[in-house]
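Here are the chains, one letter per residue:
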Amino acid sequence: MLTIDEQLFAIDEAIDEVVAFFLELESVKDYQKAREVFLADTVLQEKIMHFQTLQQSYEEAKPYAAFRPEVAEMRHQLFKEKRAIDLNEKVSQLRQSEVAVQTILAELSQKISSAISSDIFVDTGLPLAAHKSHHGNCSKGGQKKHV
């Protein structure tokens, strides 16, 4: 059971300080700016909404592709629109800034978890980050098998 005491209040204050410090980081400000620019582009937002509608239509029609030749053209159009969105400078900038912020959050999470135990795995979600099994492969004797 959680006991509310001075230590809990100190942790709460420390969290508030970390959050305030985090929001002042240049990477976070860059992300916020990139997100504002991304959301403010109404043409881009309309393209994204159209893509999502087309994607939903394709997913609904996909099981019938053998009977509906237009499904192949729909798939082609879907890939074409996805590529156009992915190559948009504002989308690219937003994704780059998201990864920068995610990297900082991953480092912070890893530092916090390692302060508790080096055995705690933090899945950063970063594409090039080391991945480790959530459950160690156990060999005889209950020891973890390292591959």
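Computed from a prediction, not measured in an experiment: that's the story for all the values here. (Residues numbered from 1 in each chain as written. Predicted model: local features only at pLDDT ≥ 70, side-chain atom pairs only at ≥ 80, totals over all residues. Heavy atoms only, no water.)

## Thoughts on a nonpolar patch on the surface
Taken together, the side chains of Val18, Leu105, Leu108, Ile112, Ile116 and Ile120 define a hydrophobic patch exposed on the protein surface, amounting to about 510 Å² of accessible area. It is helix H5 (residues 89–116) that provides the largest number of residues to the nonpolar patch, a total of four residues. Assignment of secondary structure puts Ile120 in the loop between H5 and strand S1 (137–138). The exposure class of Ile120 is partly exposed, given its relative accessible area of 37%. (Patch = residues over 30% accessible without salt bridge, like charges linked within 9 Å, V, L, I, M, F, W, Y side chains within 5 Å. Areas by Shrake-Rupley, 256 points an atom, 1.4 Å probe, with all protein chains shown as cover. Salt bridge = Lys/Arg side-chain N within 4 Å of Asp/Glu carboxyl O. Helix = DSSP H or I, 4+ residues; strand = E, 2+ residues; numbered from the N terminus. Buried < 20%, exposed > 50% of the residue type's maximum accessible area, 1.4 Å probe, protein only.)

## Comments concerning the nonpolar core
Core analysis: the biggest nonpolar cluster contains 14 residues, and Phe38, Leu44, Ile48, Tyr58, Leu78, Ile85 and Val91 have the highest contact counts within it. Those elements that place two or more of their residues in this core are helix H2 (26–40), helix H3 (42–61), helix H4 (70–86) and H5. A total of six residues in this core trace back to one element, the largest contributor, which is H3. (Core = buried A, V, L, I, M, F, W, Y, C linked by side-chain atoms within 4.5 Å.)

## Regarding the packing of H3 against H4
Contact geometry for H3 and H4: axes closest at 10 Å, N-to-C directions at 150 degrees. Considering the angle they form, H3 stands roughly antiparallel to H4. Relative to H4, the crossing made by H3 is left-handed. Of the residues in H4, those in contact with Lys47, Ile48, His50, Phe51, Leu54, Gln55, Ser57, Tyr58 and Ala61 of H3 are Val71, Met74, Arg75, Gln77, Leu78, Glu81, Lys82 and Ile85. (Axes fitted to C-alpha atoms, helices over the stretch in contact; angles between N-to-C directions. Parallel < 35°, antiparallel > 145°, perpendicular 65-115°, else oblique. Left-handed = near helix turned anticlockwise from the far one by under 90°. Contact = heavy atoms within 4.5 Å.)

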